[in-house]
Amino acid sequence: MSSFRFAVNVAPKPGILDPQGRAVEGSLGHLGVSGVSAVRVGRRVELTVEAAGEEAARAVVERLARELFSNPLIEAFAVERLDP
Amino acid sequence: MSSFRFAVNVAPKPGILDPQGRAVEGSLGHLGVSGVSAVRVGRRVELTVEAAGEEAARAVVERLARELFSNPLIEAFAVERLDP
Amino acid sequence: MTRIGVVVFPGSNCDLDTLRGLELAGAEAVPLWHEQGSLEGSAAVVLPGGFAYGDYLRAGVIARFSPVMRAVSAFAAEGGLVLGICNGFQVIAEAGLVPGALLRNRGLRFLGRDVWISAEQLDTPFTSLVGDGRPLRMPIAHGEGCYFADDATLDQLERDGQVLFRYVHADGTPAGAEGDPANPNGSLRAIAGVRNARGNVAGLMPHPERASDRLLGSDDGLPILRSLVDAAARAEREPALAAVR
Amino acid sequence: MIAAEPPVAPAVPLHRALGVTDEELDAIRARLGRNPNDLELAMFSVMWSEHCSYKSSRPLLRTLPTRGEGVVAGPGENAGVVSIGDGLAVAFKIESHNHPSAVEPYQGAATGVGGILRDIFTMGARPIAVLDALRFGDPSDARTRHLVDGVIRGVGGYGNCVGVPTVGGELVFDPSYADNPLVNVMAIGLLDERHLTRAAAPGPGNLAVLFGSATGRDGIGGASVLASATFADDDPSKRPSVQVGDPFAEKLLIEASLELIQAGLVEGLQDLGAAGITCATSETADRAGTGIRVDLDAVPRREPGMAPFEVMISESQERMLAIVRPDRLDAVAAVCAKWNLPCAVIGVVTGDGDITVIEGGLDADGQPRPGAREIARVPAAALTSDAIVHDRLAAPPERRRLAPAPGAPLAASDQLPERGMDPGAVLQALLGSANLASRRAVFEQYDSTVQAATAAGPTSGGAAIIRVIGTRKALVAATDGNAGMSAADPWLGAAMSVAEATRNVSITGARPLGVTNCLNYGDPTKPDAFWQLSEAVRGLGDACRALGLPVTGGNVSLFNESARGRIAPTPQIGVVGLLEDVSKALRPAFRASGDAILLVGEAGPGLEGSEYARIAGVAPEDGPPALDLALERQLQAFVREAAERGLLESAQDVSSGGFATALAECSMWAGLGAHVRLHVSSSPAVDLFGESPSRLVVSATPRHVPAVELLARQHGLPVEAIGSVGGDRLVVELAGAGATGAAEERGSRVADSLDIPLADLQRAWQHGLPRALGWTELEQEGAR
Ligand SMILES: Nc1ncnc2c1ncn2[C@@H]1O[C@H](COP(=O)(O)OP(=O)(O)O)[C@@H](O)[C@H]1O
Ligand SMILES: [Mg+2]
């Protein structure tokens, strides 16, 4: 068995309202920042998986991403392999 | 001016309470998943910046990451350049 | 009458309650809109509860950049009295006006219930009229109220009398750490409120303004607001003494 | 017919795909005098959904009493409004968000709260309270737990953020709701009568101004698909895009709307809910007898490439439509800018009675620009007041008793008290059961005290009491829905729900002002489901007439069915009352040791539909208890008068779980035991746990007992002083002929009694809900 570290990035699906992203954009004026757009705020979960190989580990992460970390009706996720 | 897209990953600093990460670990049993550890739940902000060049754009992102997206007392961040 | 300003951010939702509570405590309470740079001659400023900017991203963080916060920070730097309640506490913590940070409740759920707190220091502008340190009952209503600071900071806060309020049991015995329902959000060392080193800026998670009327179950919060009004009145009369202890 | 169709079905005609029947298409053609184009058809399909047009229920709802003292706005407005004196009025309404919550519990519940709040502040009222009535399947089921968790977080996530206290509600579990949970939300607002605002678009030449969030593809087709299809079909491609709520935007919308109204800047105001711009424009125009020319290009969008029909029927949340005089447009825009809300002129009021949709823009005079195209023209009335009405067939089920008894028996029926089981153990089991246990684990996730006016919230049980700031008055609110009795007899269930909700208000001492209701029923095209609905409306009307109360508004949610069956018919009743002096409010908790306990009213036979029946099962020949509406009226008049005269220390009604549960609640909330002697008329089960209505458990200081008894008799009510408050046990001695059998069967030679330490009951009651839901972290907390 070896250890693999992954990140799951979860973001609101395109077309789905992202109130947080909108609030951030609305506040940038107060920070004196301009030229920033298309802000989307999501979640990022990092985790370590013990498995026989990377494929097996990735399968576990994909399942968790789908069932636990994201809401498939309104969010999309991407799995990223991290250096240990 | 060109457009650059970035992501800012924000995670609780090591040693900081991460009740969400702990809750995830706690719920793995119900899902019949084992071998998962060191779960950290953080935030991910994606944004597009208009700037003269990548360096200038990155400077804006770094500032936002430091002042807005993360709280240095409890969180660490990393900036990631995304394909447009 | 002593004028006390209550900051109104988009998303503040305890501003009217706080204005009313301060009036009951004897102040002339005025709203301060977040876009304004002036505190309109307020002798003290209160940041009320709510969800400023929806509390999106992190509670209090976006509000911190509102124009009025520049004025509040400058006022605090001159020794002006500032009190943050609930979301207001989160805002001043994000702004670095008081030490520490407020994390999500350990139970990961929003909690609205009555709690007991006791004032640790009885000679501050925020507690001078709360009496003998007996436990005070008032509501909390928050999702991110778990007080956090590193151990060194916590030790220093305790040493210097900066821990203002602590969660306790109804009989006054201190609440435990995580897992004790008397410490509803799992705050480190059961801290419910702190002040800055100079002693003129304080924040607490419970809502004294919601405990200002017997008919609502408790008026234990009123003395906290009265202490502030009293200290503000004194600061007005003797500006040189502004807010120091 | 279906068998005759070719194996590969031809493309379904557009109208049917949109949920419009052939008959309805003909009716559309008749109203237009031509075929509708696709956009027009889409507009009809959403407006002629049950949800918007009440096409099945309208003939029934017309029979309800709507007039009453102080009513300033009744059904047909966004919310009912009743005057409370001092120039103030209260607005209130209950609405369902069942189907969206089944799809996505968090957002479904959150947008449900958002929607009902908009109904309130659209009238010019500041929202001051929310109550949520929730129904789910078996709490041990994983899917149910997911729904419960999401719905409760959604209600709290929205209500807490907008700063409106959630002060009460209901939470009921029954297997019939497994696939089809019910999320009914009631909201209450307070207004200065001068600010009462109508959702109308008067004055041709006035501008239609849309403010709030930009329009996206949220809930496209939601009104028709979500509100008129069953959930048997789990095809993800048919799932409409989920509406996401933004409570922060709603908070800004509340403040901006109230500021606009208080400054007198709007001629009419309407929120956007189901059917979006189509609904808001056609309803406001129809109410004023005008039309609106919509400038489609002017609608602010969140996404590029939206089709006209998407813009016209999008259900994007947190939007409002204001009707504004042209000379006030700048002032309106300034208020919106202050609250950081985008606003845009999206049309102009016309005198032609039509909703027209223009692509290509309007000029400064509201006329189509050169080259602009009219892409839809529909009479506003055809979409709303002149929508189709269906005469549905109602037929009772063949054998009434076949109505499913809710819940499976959990204990063998030989454990009934009359068969020898200790009644204390039955009470403990009831108090620890999912439906009767303390709701603390739920309501603590809500902010019930924001606005600093909650004189009594969920912690103290019973109706919520909210101070009217600046006066001695308080508003009292309760919501109840009795599905158990409805399953046995839908007339009775509805009438009992009205009786219970009004009684819960009256026992605080408050005078009920009016009734709002949400009728959650099955597919109205099925005669037995439509019969349940029509019986319920009859029961609702009968009860309101008997109690002298107007129905001021409500909502109908039909098609609550899934492949596994239909929900138990659920009439959710909301009542608001007025208490002239908040310091006289009565609460259910006992007050002091030594006080006398009195039982007002008498137990009648019938255990069907009770919580006791749910855990113990009942004999098949048993029926539900009877309701005497005249007696109920007397009972409520009695308790209000007793409260006004200061004769009582506490008052609680007998409802779910029966007399023993009511008594136990009075004790548990107070932390004070009780010792009473109960005369058993038929059987211990009926007297202890039966749910026959119109009974109260009250307490009074001993010197007031004669006056209380006299007053009750003057109202024609049976009354008996049965014991006193005190000690740390709950003791009910069973006396009379009906009591003996139980003791004998148990082999006991002493008088039979229910006798149990209060602490045991409290433990069962505190742990019950978190345990049932598997909320282990909260279960520990219950130990407090
Ligand atoms: N879903 C809920 N949300 C908020 N409060 C609730 C909810 N369910 C129950 N409550 C509150 O818990 C208390 C007890 O509920 P219940 O036993 O149904 O009251 P009652 O029988 O007096 O109507 C009441 O104050 C009620 O408003
Ligand atoms: Mg009830």
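The structure reproduced in this document is the subject of the present report. (Residues numbered from 1 in each chain as written. Chains lettered and ligands numbered in written order. Predicted model: local features only at pLDDT ≥ 70, side-chain atom pairs only at ≥ 80, totals over all residues. Heavy atoms only, no water.)

Notes on the overall build of chain C
Scanning chain C from terminus to terminus reveals five helices and eleven strands. Rg of the C-alpha trace for chain C: 16 Å, near the compact-globule value of 18 Å for 245 residues, within the 12% margin. Overall, chain C is about 45 × 40 × 40 Å in size when its C-alpha atoms are taken along their principal axes. Counting only carbon and sulfur atoms, one obtains 51% of the accessible surface of chain C, whose full area is about 7700 Å². Mean positive and mean negative side-chain charge positions of chain C (22 and 29 charges, respectively) differ by 2 Å. (Helix = DSSP H or I, 4+ residues; strand = E, 2+ residues; numbered from the N terminus. Rg over C-alpha atoms; globule rule 2.2 N^0.38 Å. Areas by Shrake-Rupley, 256 points an atom, 1.4 Å probe, with all protein chains shown as cover. Lys, Arg positive; Asp, Glu negative; His and termini not counted. Charge placed at Lys NZ, Arg CZ, Asp CG, Glu CD.)

Regarding the site of ligand 1
Residue and element names in this part refer to chain D. Among the 14 residues in the neighbourhood of ligand 1, the closest are listed as Asp132, Gly168, Gly169, Glu170 and Gly462. For ligand 1, a nitrogen atom lies 3.3 Å from a polar atom in the backbone of Glu170. One of the backbone nitrogen or oxygen atoms of Gly462 is found 2.9 Å away from an oxygen atom of ligand 1. In isolation ligand 1 offers 550 Å² of accessible surface; the protein chains occlude 88% of this area. When contributions to the shell around ligand 1 are tallied by element, the ones reaching two or more residues are β4 (126–136) and β5 (166–173). (Near = heavy atom within 4 Å. Polar contact = N/O pair within 3.5 Å; in protein donor to acceptor, adjacent residues only side chain to side chain.)

Observations regarding the packing of aromatic side chains
Tallied over the full model, the rule gives eight aromatic pairs over all chains. Residues Tyr53 of chain C and Phe248 of chain D carry aromatic rings whose centres are separated by 5.9 Å and whose planes lie at 45 degrees to one another, so their mutual orientation is tilted. One end of the pair, Tyr53 of chain C, is in the loop between β3 (44–47) and α2 (67–77); the other, Phe248 of chain D, is in helix α10 (residues 247–262), on a second chain. Assigned by exposure class, Tyr53 of chain C and Phe248 of chain D land together as buried. When the ring of Trp669 of chain D is compared with that of Trp765 of chain D, the centres are 6.1 Å apart and the planes differ by 80 degrees; the resulting orientation is edge-to-face. In this pair, Trp669 of chain D is assigned in helix α22 (residues 658–670) and Trp765 of chain D in helix α26 (residues 758–773), connecting sequence segments 96 residues apart. In textbook terms, an aromatic cluster arises when at least three aromatic residues are bridged by ring pairs, as seen for Tyr53 and Tyr56 of chain C together with Phe248 of chain D. The ring of Phe6 of chain A is capped by Arg81 of chain A, whose NZ or CZ atom sits 5.9 Å from the centre of that ring. (Phe/Tyr/Trp six-rings, centres within 6.5 Å; stacked < 30°, edge-to-face > 60°. Buried < 20%, exposed > 50% of the residue type's maximum accessible area, 1.4 Å probe, protein only. Lys NZ or Arg CZ within 6 Å of the ring centre and 35° of its normal.)

Some details on the interface of chain A and chain D
Contact with chain A, which involves eight residues of that partner, is made by 14 residues of chain D. Taken over both partners, the interface formed by chain A and chain D buries close to 980 Å², and the fraction arising from carbon and sulfur atoms is 62%. The three residues of chain A that bury the most area against chain D are Leu17, Arg22 and Leu73 of chain A, which together make up 51% of that side's buried surface. Here chain A is connected to chain D by one salt bridge. Among the ionic pairs, Asp246 of chain D bridges to Arg22 of chain A, the shortest N-O distance being 2.6 Å. The tally of links from chain A across to chain D stands at four residue pairs in polar contact (both at pLDDT 80 or more). Broken down by class, the residue content of the side of chain A that touches chain D amounts to five nonpolar, two polar and one charged. (Contact = heavy atoms within 4.5 Å. Buried area = accessible area lost by both parts, 1.4 Å probe. Salt bridge = Lys/Arg side-chain N within 4 Å of Asp/Glu carboxyl O. Nonpolar A, V, L, I, M, F, W, Y, C, P; charged D, E, K, R; others polar.)

Re the relation of the copies chain A and chain B
Turning chain A through 180 degrees and shifting it by 0.0 Å along the axis lays it on chain B, with an RMSD of 0.3 Å. The symmetry that links the two subunits is that of a two-fold axis. Among all residues of chain A, the one whose C-alpha sits closest to the rotation axis is Arg43 of chain A, at a distance of 2.1 Å. The residues that chain A uses at the interface reappear at the interface of chain B in 100% of cases, marking a shared surface. (Least-squares fit on C-alpha atoms with pLDDT ≥ 70 in both.)

Quick notes on the pattern of salt bridges
For the structure on display, the rule yields 76 salt bridges over all chains. Among the ionic pairs, Glu259 of chain D bridges to Lys338 of chain D, the shortest N-O distance being 3.2 Å. Here Glu259 of chain D is found in helix α10, whereas its partner Lys338 of chain D is found in helix α13 (residues 329–338), with 79 residues between them in sequence. Judged by relative accessible area, Lys338 of chain D falls into the partly exposed class, the value being 35%. Sharing partners across several salt bridges, the network here consists of Glu120, Asp151, Asp155, Glu158, Arg166 and Arg189 of chain C.

Overview of helix α1 (residues 19–31) of chain B
Side chains three or four residues apart in an α-helix point the same way, a direct result of the helix having 3.6 residues per turn. For α1 of chain B, with 13 residues, the first-to-last C-alpha span of 19 Å sits near the 18 Å given by 1.5 Å per residue. Regarding α1 of chain B, the residues found buried are Pro19, Gly21, Val24, Ser27 and Leu28 of chain B. The inward-facing, buried residues of α1 of chain B contact α2 (54–69) of chain A together with β2 (36–51) of chain B. Directly after α1 of chain B, the chain includes Gly32 of chain B, whose backbone phi takes a positive value near 75 degrees. (Expected span 1.5 Å × (residues − 1).)

Things to note about the sheet that holds strand β15 (residues 464–467) of chain D
Residue and element names in this part refer to chain D. Across the sheet, which stays open at both edges, the six strands sit in the order β14-β15-β16-β21-β17-β18 with mixed pairing between neighbours. Single-partner strands in this sheet number two, and they are β14 (454–456) and β18 (551–557). Pairs of neighbouring strands in the sheet enclose a mean axial angle of 20 degrees, with direction left out of account. Here β15 pairs with strand β16 (residues 474–480) via four bridges, running antiparallel. Note that in β16 the partner of Ile465 across the bridge is Val476. Each of β16, β17 (511–520) and β21 (570–579) is contacted by helix α18 (residues 490–506), which is oriented at about 25 degrees to β21, the strand it contacts most. (Pairing = 2+ DSSP bridges. Axes fitted to C-alpha atoms, helices over the stretch in contact; angles between N-to-C directions.)

Describing the packing of helix α1 (residues 15–24) of chain C against helix α5 (residues 222–237) of chain C
For any two helices packed against each other, the geometry is given by the interaxial angle and the distance between the axes. Residue and element names in this part refer to chain C. Where α1 meets α5, the axes come as close as 9 Å, and the angle between the chain directions of the two elements is 75 degrees. In terms of orientation, α1 and α5 fall into the roughly perpendicular class. Note on element contacts: α5 touches α1 through Leu222, Leu225, Leu228 and Val229, opposite Gly21, Leu22 and Leu24. Residue classes in the contact of α1 with α5 are distributed as six nonpolar, one polar and no charged. (Parallel < 35°, antiparallel > 145°, perpendicular 65-115°, else oblique.)

Points about the interface of chain A and chain B
Taken together, the contact between chain A and chain B spans 30 residues of the former and 30 residues of the latter. Between chain A and chain B, roughly 2400 Å² of surface is buried when both sides are summed, and carbon and sulfur atoms account for 60% of that area. At the boundary of chain A and chain B, one finds zero salt bridges. Across the chain A-chain B interface, the total number found is twelve residue pairs in polar contact (both at pLDDT 80 or more). Where the side of chain A that touches chain B is concerned, the elements lending two or more residues are β1 (2–12), α1 (19–27), β2 (36–51) and α2 of chain A. By residue number, the principal contributor to the side of chain A that touches chain B is β2 of chain A, which donates 15 residues. Across the side of chain A that touches chain B, the residue classes break down as 15 nonpolar, six polar and nine charged. Of the pairings in the sheet, the one linking β2 of chain A to β2 of chain B comprises eleven bridges and is antiparallel in character.

Describing the state of the cysteines
In a disulfide, the sulfur atoms of two cysteines are covalently bonded to one another. On inspection of all chains with the given rule, the structure shows zero disulfides over all chains. Cys146 of chain C takes part in no disulfide bond, and the closest cysteine sulfur to it belongs to Cys86 of chain C, at a distance of 14 Å. For Cys146 of chain C, a relative accessible area of 1% translates into the label buried. In this structure Cys544 of chain D is not part of a disulfide, and its nearest cysteine sulfur, from Cys518 of chain D, lies 15 Å away. Overall, Cys544 of chain D belongs to the buried group, its relative accessible area being 0%. (Disulfide = S-S within 2.5 Å.)

Overview of the environment of Leu492 of chain D
Along the chain, the position of Leu492 of chain D falls in helix α18. Considered as a pair, Leu492 of chain D and Asn482 of chain D are ten residues apart in the sequence and their alpha carbons are 9.1 Å apart.

Observations regarding the nonpolar core
Core analysis: the biggest nonpolar cluster contains 132 residues, and Leu47, Leu68 and Phe69 of chain B, Leu22, Leu47 and Val72 of chain C together with Phe211 of chain D have the highest contact counts within it. At eight residues, α10 of chain D tops the list of elements feeding residues into this core. In contact with Leu47 of chain B, not counting residues within four places along its chain, are Val36, Ser37, Ala38 and Val39 of chain A together with Phe4, Arg5, Phe6, Val8, Val61, Leu64 and Phe69 of chain B. Listed in part, the 47 residues of the second largest apolar core include Ala208, Ala280, Val299 and Leu383 of chain D. (Core = buried A, V, L, I, M, F, W, Y, C linked by side-chain atoms within 4.5 Å.)

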